[in-house]
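Working through the structure, step by step
If you want the building blocks of each chain, they are given just below.
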Amino acid sequence: MQIILFFGALCWGVGMQMAYDRLTLDPSLSDRQVGYIALIYYLIAGLSLLAALAAGEGAFLGYIIGMFFIGMYRRKRRDEQ
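For the structure given in this document, a descriptive report is provided here.

Here is what the cut-offs are and how they apply
- Residues numbered from 1 in each chain as written.
- Predicted model: local features only at pLDDT ≥ 70, side-chain atom pairs only at ≥ 80, totals over all residues.
- Heavy atoms only, no water.
- Helix = DSSP H or I, 4+ residues; strand = E, 2+ residues; numbered from the N terminus.
- Buried < 20%, exposed > 50% of the residue type's maximum accessible area, 1.4 Å probe, protein only.
- Contact = heavy atoms within 4.5 Å.
- Axes fitted to C-alpha atoms, helices over the stretch in contact; angles between N-to-C directions.
- Parallel < 35°, antiparallel > 145°, perpendicular 65-115°, else oblique.
- Nonpolar A, V, L, I, M, F, W, Y, C, P; charged D, E, K, R; others polar.
- Patch = residues over 30% accessible without salt bridge, like charges linked within 9 Å, V, L, I, M, F, W, Y side chains within 5 Å.
- Areas by Shrake-Rupley, 256 points an atom, 1.4 Å probe, with all protein chains shown as cover.
- Salt bridge = Lys/Arg side-chain N within 4 Å of Asp/Glu carboxyl O.
- Core = buried A, V, L, I, M, F, W, Y, C linked by side-chain atoms within 4.5 Å.
- Left-handed = near helix turned anticlockwise from the far one by under 90°.

Remarks on the overall build of the protein chain
Within the protein chain one finds three helices and zero strands. Overall, the protein chain shows an N-to-C arrangement of helices and strands of α-α-α. Scored against the burial criterion, the 81 residues of the protein chain give a buried share of 31%. Taking the intrachain contacts of the protein chain between residues at least 6 apart in sequence as the baseline, contacts between residues at least 24 apart amount to 75%.

A word on the packing of helix α1 (residues 2-24) against helix α2 (residues 31-55)
Packing of α1 against α2 brings their axes to within 11 Å, and their N-to-C directions diverge by 175 degrees. The orientation of α1 relative to α2 falls into the category roughly antiparallel. Contacts between α1 and α2 involve Q2, L5, W12, M16, Q17, Y20, L23 and T24 from the former and V34, I37, A38, Y41, Y42, I44, A45, S48 and A55 from the latter. Grouping the constituent residues of the contact of α1 with α2 by class yields 13 nonpolar, four polar and no charged.

As for a nonpolar patch on the surface
A cluster of nonpolar side chains, contributed by L61, I65, F68, F69 and I70, occupies part of the molecular surface with about 480 Å² of accessible area. Mapping I70 onto the fold places it in helix α3 (residues 57-70).

Topic: the side chain of S48
Within the fold, S48 resides in helix α2. When neighbours within four sequence positions are excluded, S48 is seen to be in contact with W12, M16 and Y63.

Let's talk about the nonpolar core
With 13 residues, the main nonpolar core has M16, Y20, Y41, A45, Y63 and M67 as its most contacted residues. Contributions of two or more residues to this core are made by α1, α2 and α3. Residue contributions to this core peak at six residues, all from α2.

Some remarks on the packing of α1 against α3
Remark: α1 packs on α3, axes separated minimally by 7 Å, with the N-to-C direction vectors making an angle of 25 degrees. One finds that α1 runs roughly parallel with respect to α3. Crossing angle aside, the handedness with which α1 passes α3 is right-handed. For the pair α1 and α3, the contacting residues are Q2, L5, F6, A9, L10, W12, G13, V14, M16 and Q17 in the first and E57, G58, A59, L61, G62, Y63, I65, G66, M67 and I70 in the second. Of the residues in the contact of α1 with α3, the class split is 13 nonpolar, six polar and one charged.

Structure (C-alpha cells):
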C-alpha cells in the first residue's frame, strides 16, 4: 500500500509544481494575480504535506521527492517586466 501512496504522492507533487510554474510564467498575469496564485499554491501544498504525513512515510517521501526534486528540475524564473 505504501508503494501506491508513494507513486501517487510523487505524481501529485510533480503536477502541482509544474502547474504552479506554468501559471507564474504566464506573461498575461499581473503581479497581484501571481501573488494570489502563490498564496493558494502554498495553502494547497501545506495541506497536501499534512495529508502525506497522515498517510505514512511512503506518501510523505513521494510528495517531498516529487515536489522539491522532480518538479523543480526544469524551473524557470519569471522575466522582469
